[in-house]
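These are the residues of each chain, in order.
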Amino acid sequence: MPRVSEEHLERRRLQILDAAQSCFARKGFHETSLQEIFRESGLSAGAVYRYFRSKDDLIRAIAARSQPLVVAILEEILDADELPPLDEIVARFAVGVVERMGPGGAAWIAPQGWALAAYNLPIREAIADLFRDSRAWWLRVAERLQDEGELAPEADPHAIAAVLTSIIPGFIMQRLVLGDADAETLREGMRTLLSTDPAL
């Protein structure tokens, strides 16, 4: 029997994750059964179980694969010779999030993972890794801005990173629940908060 290539195995794995993500976006984690994921993926139960033993495994894998997409946005910004102002960085990040918030997108189902993290320890660990990684990248942004004189020398980059990490989940929830949050509003609010002139 010929060996299955690593490329084929990875395609199958992504096929299953895409199917699970679509199901979770339509019905939520709790209402989605593994049988529905089997049907959505077009694969047998045995084929799916080869990669994932439970819905929790799928949730952790979806969280893990969404992180590089998030990091790529900040990495592109940090690769620039000179960073744009913080309000523009936040807006560009929000645009990237919105692009991943269509039905079935990772950001669309992220709040479900956050809710599970409140009581499911393995899920909490996966979500914690994602948040720690995001906060580390925001810390790099804050340190760069401080080095370039865009933030006060006495500012605490760790505190700034914590605040910036908090902004995007709130933006996602407003976008999902209220439907009226957008990147430009976030940029304008950040610009105003950063301004030292009350008239601006």
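Above this text sits the structure in question.
Note that the structure is predicted; figures quoted are calculated from it, not measured. (Residues numbered from 1 in each chain as written. Predicted model: local features only at pLDDT ≥ 70, side-chain atom pairs only at ≥ 80, totals over all residues. Heavy atoms only, no water.)

Draft legend 1. Structural view of the environment of Ser134. Tracing the sequence through the fold places Ser134 in helix H7 (residues 121-147). The class of Ser134 is buried, set by a relative accessible area of 10%. It is 7.7 Å that separates the C-alpha atoms of Ser134 and Val70, two residues lying 64 residues apart in sequence. With residues up to four places along the chain from it excluded, the contact list for Ser134 reads Gln67, Val70 and Thr165. (Helix = DSSP H or I, 4+ residues; strand = E, 2+ residues; numbered from the N terminus. Buried < 20%, exposed > 50% of the residue type's maximum accessible area, 1.4 Å probe, protein only. Contact = heavy atoms within 4.5 Å.)

Draft legend 2. Quick peek at the nonpolar core. Leu74, Ile89, Val90, Trp138, Val141 and Leu164 are the most contacted members of the largest nonpolar core, which totals 31 residues. For this core, the secondary structure elements donating two or more residues are helix H4 (55-78), helix H5 (86-99), H7, helix H8 (157-177) and helix H9 (183-194). The dominant element in this core, judged by the number of residues it contributes, is H8, at 7 residues. Ignoring any residue separated from it by four or fewer positions in sequence, one finds Trp138 in contact with Leu74, Ile89, Val90, Phe93, Ala161, Leu164 and Thr165. Membership of the second largest hydrophobic core comes to 25 residues, among which are Ile16, Ile59, Ala63 and Ile123. (Core = buried A, V, L, I, M, F, W, Y, C linked by side-chain atoms within 4.5 Å.)

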